[in-house]
Structure formats: structure tokens, C-alpha cells
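The lines below spell out each chain.
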Amino acid sequence: MVFFVVVAALFAGYGTAYLASDDIRYLTRAGFEETRILQSRQPLQKLVSNPSLDGSVRRSLQLVLDTRDYAARLGLEAKETYTTYADVGRDTLLLVLQAAPKDCICPHTWKYPIVGRIPYKGFFDPKAARREEARFIARGFDTYLRPSSAFSTLGWFNDPLLSTALDRDSVELAVTVFHEIAHNTLYVRSATPFNESFAQLVGYRSAERFFRERGDSGAAQRAADRWHDEMVLADYYRALIDRLDSLYEGHPDSAALESGRREAALWAHSQLEGPVASQLKTYRLGKLKERPVNNAQLIGATIYRTHLDWFDHWYHEHGDDIGRSVSALKQLMQGAEGDSAFARLQRAVADSSARTK
């Protein structure tokens, strides 16, 4: 996940503006939290060498070091990401808010320096997150407020491994490292679904190769199977959104809108308990409660699962080699911004498919 923290000036420098502007307060809190995290960093190598540290923690930290070294070998820009560790002192690092109208799969976006527009906003202050969510609910929006345990500053700072990431199994921990380092390597302004879906490819495909080369065929297969499951879920979400788009394009009145959303929710429930569940290799859905349609949640789910089949095709087209794939994609994306990123990838994949027929 990309959550670029703009380190604001101290609130004293703003004078009364600090009291008047939610944006200034938000940036100041973000700056303080980022500073606190950076100040609490400890070198991972030093911690791994500490015999008094819990053995399972030491193994996880060593895995992170091995993973980031492997990422550099693959040609990814590891920089100084995850060479340090920071204990954030709580289970949840921050809350991430997303919002969308009830009659459109259209994310509300927030504008940030450098990274452009992003369809979510991260809050270190839970009360501020809930206040912002309440404002969108009052405007009639669907909202989705979720916890996040990691973020990337795109290599602008020495991103530490956060204590919130250590509750993951070995595969997901390695995937997280590859995923966040992928953001250092390629980032397209104002193209969040492209960036996150690209990082998903890098995360799972790199983890598969990493564990296979270490002789851990079980972990390698889990990484491959989870990537398979991500693509299955991507197809499911695409089909659900297509149904909703057809509903919303008719500009239904409020009664028809709610009725159509209920029907879509029933279809989604039947898919998840039927054909989707039967295709999944590692994710277990179990008996699901029926849930209403929430456009903001759907946007949140698809940010990481948009056109995964295009990325996978690109990966295979480049010899199942992450280094070659990423290098070629960086070249393809030069000068791209926003929706043009997916448009370029789509054309490249279509041209490749045409050549092989």
C-alpha cells in the first residue's frame, strides 16, 4: 500500500491556521507519526544477531532481510527499505478510508503532493478517521474504513519493517516485502489500481521463486496458489462490478436502486458460496453471511485486483522473469499517468496475443 506521508512543518509555524484547518491538523499528525516511526527504528541485522530476542521473531526478521536481498538480485529497487525495524506499539498502524456514491463505482479521491490523486486517505488518528467517515455517510456515500499494517513512502524515507507486519505467515511476510519494494521500483502517478495490482504480481510471483530457490517447495506452492486465488477473486469482483455498472447506467430511482443492489448482493453471495469457492486453492470462505452491496468496499477490494490477468500475461511474455518483466514495464510506462497506464498495458498485451496466434 502507498501512503505517502507529507512531513508538515511544526504546527507552531502555522499559528492560528492549525486551529482552523483540518488539512493542516491532518498533515501535522501524519508528520509527527512518521517522525516517531523513523526515530524508533532499529537495524534489522542487529536485532537478528541478538540472542535474547524471541526465536520466532528473529526468524521472521531474518526472512525479511533475505527477501529484500533477493528483491535486489531480481533487479528491484530495494534501496534501504526494510533494513530497519520499528515497534509501533499497537496492533493497527492506521485506518484507511474509502468512499463512493451509492449509484456509481466511482471512488472519491484525495490529492497529495508528488503521488497525485489517490482513492483513499490514511489516518493515524482513529477519531479523525471516523469523523471523516461520518461526513461522507451524511452525504449519502458508501464508506469503507479498514485497518492497514504497512505503507510505502516510495523510497523517499528508509521505510522500516513495522511490528504490525509480523503476525503474517512466512509467505505473506515475504509477499509484503516484495510488494512494498515494487512501489520503489515503478510508480505511476494517479494510477492507484495499476500500482497496487502491479505490486501484487511482483509480491506473489517473486515469493514463489524466492521460496523455490531456497528449497521450500511447500511455501513456493502456497505463493503460487495464493496468486491463483487472487486472480479468481479479481474475476469475481469484475463480474459483480459489471452487473452493478449496468444497474447504475440506467439511473434508477431510489427504490429501484436499492432493489437492484439487493439483487446484486444475492448474486454475489451465491457466487462466493458456489463457483468461486470451488476454484479457490488456499482461501477458505466458509459459510458466509449475506452482505449488502457497498461500492466503497468493492473499490477497496479491486484496487489490488484490477486486470491481474494482464499483468500475469506480461510476466509470462517475459519468460516468467520478474526482473525482465518489471524492466520492460518501466520502459512501457515512461510518461504515463492515471488511466493511461492500464491503456498502455492493455494494448501491449493485445499486441502480444495477436503475435502468438
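Structure's up top.
Here the residue numbering is sequential within each chain, running from 1 through the sequence in written order. With the structure being a predicted model, the display of local features is reserved for residues of pLDDT at least 70 and the display and counting of side-chain atom pairs for 80 or more, all residues being used for whole-chain, interface and lining totals. Note that water and hydrogens are dropped before the side-chain values are worked out from all heavy atoms of the structure.

Q: Even after reading the chapter, I still don't get the sheet that holds strand β8 (residues 161-162), so can you show me in this structure?
A: Backbone-to-backbone hydrogen bonds pair the strands of a sheet. The strands run either parallel or antiparallel. Two strands form a pair only when DSSP identifies at least two bridges running between them. Helix and strand assignments follow DSSP, with helices taken as H or I runs no shorter than four residues and strands as E runs no shorter than two, numbered in order from the N terminus. Taken together, the three strands give an open sheet; going across it, the order is β1-β2-β8, and neighbouring strands pair in mixed fashion. Bordering the open sheet on either side are β1 (42-43) and β8, each of which pairs with just one other strand. Summarising the sheet, strand β2 (residues 84-86) and β8 pair through two bridges and their orientation is parallel. Of the residues in β8, the one forming a bridge with Y85 is L161.

Q: Would you mind showing me how to read the pattern of salt bridges here?
A: Between side chains of opposite charge, a pair can form when the charged atoms approach closely. Only one rule defines a salt bridge in this text: a Lys or Arg side-chain nitrogen within 4 Å of an Asp or Glu carboxyl oxygen. All chains considered together, the criterion is met by 19 salt bridges. Notably, a salt bridge pairs R68 with D69, separated by 3.8 Å at the nearest N-O pair. By relative accessible area, which is 44% here, D69 ends up partly exposed. Between D312 and R205 there is a salt bridge, and its shortest N-O distance comes to 2.9 Å. Placement of D312 in helix α12 (residues 308-317) and of R205 in helix α7 (residues 192-213) is noted, with a sequence separation of 107 residues between them. Accessible area is worked out with a 1.4 Å probe on protein chains only. A residue is then buried under 20% of its type maximum, exposed over 50%, and partly exposed in between. Overall, D312 belongs to the buried group, its relative accessible area being 8%. Each of R205, E208, R212 and D312 takes part in one network of salt bridges that share partners.

Q: Explanation requested: the layout of surface pockets in the structure shown.
A: The definitions used throughout rest on a 1 Å grid laid over the protein atoms alone, on which a cavity is an enclosed set of points accommodating a 1.4 Å probe that cannot get out and a pocket is an open set flanked by protein within 12 Å on both sides along at least five of seven lines; lining residues are those having an atom within 4 Å of a point. Grid points are joined across faces, edges and corners, and a volume is the space filled by probe spheres set on the points. Put simply, the second largest pocket is a space of about 690 Å³. In terms of lining residues, the second largest pocket is bounded by 29 residues, among which P193, R238, T302, T306 and F342 are the most central. Elements with a minimum of two residues in the lining of the second largest pocket: β5 (116-118), α7, α8 (217-249), α11 (295-303), α12 and α14 (340-356). Sorting elements by how many residues they give to the lining of the second largest pocket places α8 first, with six residues. For the lining of the second largest pocket, a count of residues per class yields 15 nonpolar, seven polar and seven charged. Throughout, the ten residues Ala, Val, Leu, Ile, Met, Phe, Trp, Tyr, Cys and Pro are labelled nonpolar, Asp, Glu, Lys and Arg are labelled charged, and all others, Gly among them, are labelled polar.

Q: Mind showing me how you'd approach α8 here?
A: By this rule the span expected of a helix is its residue count minus one, scaled by 1.5 Å. In this model α8 runs 48 Å from its N-terminal to its C-terminal C-alpha over 33 residues, within 8% of the 48 Å that 1.5 Å per residue would give. H251, located one to two residues past α8, shows a positive phi value of around 50°.

Q: What am I meant to see in the side chain of E230 here?
A: Its place among the elements puts E230 in helix α8. The class for E230 is buried, based on a relative accessible area of 3%. Within 3.5 Å is the distance limit for a polar contact, defined as a pair of N or O atoms, with the added protein rule that one can donate a hydrogen and the other accept it, and that residues adjacent in sequence qualify only through two side-chain atoms. A polar side-chain atom of E230 sits 2.7 Å from a polar atom in the side chain of Y283. Sequence-distant contacts of E230, defined by excluding residues within four places in its chain, comprise Q200, Y204, Y283, R305 and L308. When checking whether two residues touch, look at their non-hydrogen atoms; a contact exists if any pair is within 4.5 Å.

Q: Even after reading the chapter, I still don't get the packing of aromatic side chains, so can you show me in this structure?
A: A pair of aromatic rings is counted whenever rings of Phe, Tyr or Trp (Trp by its six-membered ring) have centres within 6.5 Å, and the orientation is called stacked for planes under 30 degrees apart, edge-to-face for over 60 and tilted otherwise. The tally for this structure, following the rule as stated, stands at 13 aromatic pairs. Seen from their ring centres, W310 and F342 are 6.1 Å apart, and the 70° between their planes marks the pair as edge-to-face. Of this pair, W310 sits in helix α12 while F342 sits in helix α14, and the two are 32 residues apart along the sequence. Neither residue differs from the other here; W310 and F342 are each classed as buried.

Q: Quick question: what am I supposed to make of the side chain of Q200 here?
A: Counting through the fold element by element, Q200 comes out in helix α7. The class of Q200 is buried, set by a relative accessible area of 9%. The contact partners of Q200, leaving out residues within four places of it in the chain, are H179, W227, E230 and Y304.

Q: So what exactly am I meant to see when it comes to the sheet that holds strand β7 (residues 141-148) here?
A: The antiparallel open sheet is built from three strands, whose spatial order is β6-β3-β7. Looking at strand neighbours, the two that pair on one side only are β6 (121-123) and β7, the edges of this open sheet. Strand-to-strand twist across the sheet, computed as the mean angle between neighbouring axes with direction ignored, equals 25°. Of the pairings in the sheet, the one linking strand β3 (residues 94-101) to β7 comprises eight bridges and is antiparallel in character. Helix axes are fitted only over the stretch in contact, all axes being lines through C-alpha atoms; the angle between N-to-C directions runs from 0 to 180 degrees.

Q: Sorry, what's going on with the packing of α8 against α11 here?
A: Packed helices, taken two at a time, are described by their axes: the angle between them and the distance between them. Packing of α8 against α11 brings their axes to within 11 Å, and their N-to-C directions diverge by 145°. Remark: the crossing between α8 and α11 carries left-handed chirality. The residues of α11 that touch α8, namely those facing Y237, L240, I241, L244 and Y248, are N295, L298, A301 and T302. Looking at the contact of α8 with α11, its residues break down into seven nonpolar, two polar and no charged. Should the near helix be turned anticlockwise from the far one by less than a right angle, the crossing is termed left-handed; should it be turned clockwise, right-handed.

Q: Can you help me understand the environment of L332 in this one?
A: Residue placement: L332 occurs in helix α13 (residues 322-332). Since its relative accessible area comes to 25%, L332 is described here as partly exposed. Considering only alpha carbons, one finds L332 and A348, 16 residues apart in sequence, at a separation of 8.6 Å. When neighbours within four sequence positions are excluded, L332 is seen to be in contact with W314, R344, L345 and A348.

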